[in-house]
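Coordinates in review
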Amino acid sequence: MCGIVGILGTHEVAPILVDALRRLEYRGYDSAGIATINNGTLDRRRAVGKLVNLSDLLVHNPLAGKSGIGHTRWATHGAPNVSNAHPHCTSGVAVVHNGIIENYKELRAELSAAGVEPQTETDTETVALLAQMFLDAGKTPTQAAFATLDRLEGAFALAFLFDGHDDLMIAARKGSPLAIGHGDGEIYVGSDAFALAPMTDQITYLEEGDSAVLTRSSFEIRDADGRLVNREQRIIQVDAARVDKDGYKHFMAKEIAEQPSVLANALSAYVTEHGIALPDPGIDFTKIDRLTMVACGTAYYACFTAKY
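Residues numbered from 1 in each chain as written. Predicted model: local features only at pLDDT ≥ 70, side-chain atom pairs only at ≥ 80, totals over all residues. Heavy atoms only, no water.

1. Concerning the environment of Ala295
- With respect to the helices and strands, Ala295 occurs in the loop between strand 17 (275-276) and helix 9 (298-307).
- For the pair formed by Ala295 and Phe162, sequence separation is 133 residues and the distance between their alpha carbons is 38 Å. (Helix = DSSP H or I, 4+ residues; strand = E, 2+ residues; numbered from the N terminus.)

Written as structure tokens, this is what we have:
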């Protein structure tokens, strides 16, 4: 699962973005990249493989700016190479994306008919090209982002950054999680609270279909119907050990080894001095003759256990 982080900050964001992406390594990835705005100009750096490759690139080819977005990618549409790595950019916009744009082929055909040819194999580039088309038609960055979102089908979390606008970020979620972090004169976007934990513990989770217009001093959230809404701001305490390999070679080895403690922690919520106290499910199981469990990967095997 890909990782997203975005920052409208008061310090140079490149090293902060890379550090936040490092906290998303547990998701797995095959390439990484960041884009920033410096003196109004949008620029990016991308690298294949581990985050250390991106870090090395930034040492030799630094990227300045106090506004930026970053991404770790698992290749779906197109090979894991620099060309297909995020962020995807045009002259006016940079985009990072989790999920799949299901109608990207139709959108690519529409763009081709308008003389705009994609340069990558990804579905995400279509989002950037579509937003650029709306910008070229005279729409403001916010209008262009919302017009683009209206055209997309599928599951996605998205963050837009616009050339010439270092105090603006657009974020949206449909089927993929995305959170807003609140700081002192700064605002952040992340795939989950882990990425944002070093920067803030004040989090607002976007709900399904939400989109947000973010600046350093304000944020505005609209629901799937375009209505202004308020979402709860929460104080989140994130255990750093959960996103650290803790001495293991990779996260899978750690997750296998920690199964006993994870199960113990989960079960402890229902163990009292008087025995087991399960919550009332609100369901009469005596009236249910069939239960369907849907899963993939390791969860598929967990379903076999539950079936037994």
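2. Overview of the packing of helix 1 (residues 14-22) against helix 2 (residues 51-60)
- Look at helix 1 against helix 2: their axes get within 11 Å of each other, and the N-to-C directions meet at 175 degrees. Compared by their axis directions, helix 1 and helix 2 come out roughly antiparallel. Two secondary-structure elements touch here, helix 1 through Val18, Leu21 and Arg22 and helix 2 through Leu51, Leu54, Ser55 and Leu58.
- A breakdown of the residues in the contact of helix 1 with helix 2 according to their chemical character gives 5 nonpolar, 1 polar and 1 charged. (Axes fitted to C-alpha atoms, helices over the stretch in contact; angles between N-to-C directions. Parallel < 35°, antiparallel > 145°, perpendicular 65-115°, else oblique. Contact = heavy atoms within 4.5 Å. Nonpolar A, V, L, I, M, F, W, Y, C, P; charged D, E, K, R; others polar.)

3. Structural notes on the sheet that holds strand 15 (residues 233-235)
- Pairing within the open sheet is antiparallel, and its 8 strands lie in the order 3-2-4-1-10-9-11-15. The sheet terminates laterally at strand 3 (41-48) and strand 15, the two strands that pair on one side only. Neighbour-to-neighbour, the strand axes of the sheet open up by a mean angle of 20 degrees, direction not taken into account.
- Pairing of strand 11 (residues 202-205) with strand 15, which is carried by 3 bridges, proceeds in the antiparallel orientation. Bridge pairing in strand 15 places Thr204 opposite Gln233. (Pairing = 2+ DSSP bridges.)

4. Examining the pattern of salt bridges
- For the structure on display, the rule yields 11 salt bridges.
- For the salt bridge of Arg151 with Glu110, the shortest nitrogen-to-oxygen distance reads 2.7 Å. One end of the pair, Arg151, is in helix 5 (residues 141-151); the other, Glu110, is in helix 3 (residues 104-113), with 41 residues separating them in the sequence.
- A residue is classified by how much of its surface remains accessible, and Arg151, at 30% relative accessible area, is partly exposed.
- Look at the salt bridges and you will find they share partners, linking Glu207, Asp210 and Arg231 into a network. (Salt bridge = Lys/Arg side-chain N within 4 Å of Asp/Glu carboxyl O. Buried < 20%, exposed > 50% of the residue type's maximum accessible area, 1.4 Å probe, protein only.)

5. Re the nonpolar core
- By size, the foremost hydrophobic cluster in this structure holds 26 residues, and its most contacted members are Val93, Leu152, Leu158, Phe160 and Phe162.
- Taken together, the elements giving at least two residues each to this core come down to strand 6 (93-101), helix 3, helix 4 (124-136), helix 5, strand 7 (154-162) and strand 8 (165-174).
- The element best represented in this core is helix 4, accounting for 7 residues.
- Residues in contact with Phe162, not counting those within four places in the same chain, are Ile37, Gly92, Val93, Leu135, Pro141, Ala145, Leu168 and Ile170. (Core = buried A, V, L, I, M, F, W, Y, C linked by side-chain atoms within 4.5 Å.)

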